[in-house]
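Architecture at a glance
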Amino acid sequence: MMKNNFVNIWRSFLSVSLPLPASVKGHHVDIIEWGTNKDHYRVGDAVTAFIKIKNTGEKDIKDANAKVLVKRKTVFGEIKVHEGDYKVSDYIKGLRIKPGETKELIFPPGSMPQFLIPDVPLIEGKYRFEIKITIDGNEMGKLERSILISK
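Our subject in this report is the structure included herewith. (Residues numbered from 1 in each chain as written. Predicted model: local features only at pLDDT ≥ 70, side-chain atom pairs only at ≥ 80, totals over all residues. Heavy atoms only, no water.)

Concerning the overall build of the protein
Looking only at helices and strands, the protein has one helix and 11 strands in total. Counting from the amino terminus, helix and strand elements in the protein follow one another as α-β-β-β-β-β-β-β-β-β-β-β. Put simply, the protein has 151 residues, and 44% of those count as buried. Within the protein, contacts between residues at least 6 apart in sequence are counted, and of these 67% link residues at least 24 apart. Of the roughly 8,200 Å² that the protein leaves accessible, carbon and sulfur atoms contribute 52%. (Helix = DSSP H or I, 4+ residues; strand = E, 2+ residues; numbered from the N terminus. Buried < 20%, exposed > 50% of the residue type's maximum accessible area, 1.4 Å probe, protein only. Contact = heavy atoms within 4.5 Å. Areas by Shrake-Rupley, 256 points an atom, 1.4 Å probe, with all protein chains shown as cover.)

Let's talk about unusual backbone geometry
A positive phi angle, close to 65°, is found at Leu 122, a residue other than glycine. Topologically, Leu 122 is positioned in the loop between β9 (115–116) and β10 (125–135). When its relative accessible area of 69% is taken as the criterion, Leu 122 is described as exposed.

The following block contains the structure:
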């Protein structure tokens, strides 16, 4: 069960795309920078991703939720291949971003194994990831990213 959740959280953080500031109830979040180690992956490649978040609000950020949607592009349109909600603190223990602080979150965290692109049928193609980041149930931003997977 934990392994499947780990794969899904990886997929969720590959979706980060545009820096969008947001503020809610004392929280103000700026996504400063984001990325993955590649835009094109091959079977067996290790995937890493990062996101830099700046807390410009008045309260500590101790957790965030990520609602993830992964779609595979086909000649017939996009097909949903994954959807899920994830609590960031389940993967990054002791998450805390103080007001004025910028933190880089790296996935997978050092305490978790690498995520390798699996060699499974029909893995090749273009994928689009969408993630909605929320804090205290309020949306902080919607981010998107596309990647290519080939053998």
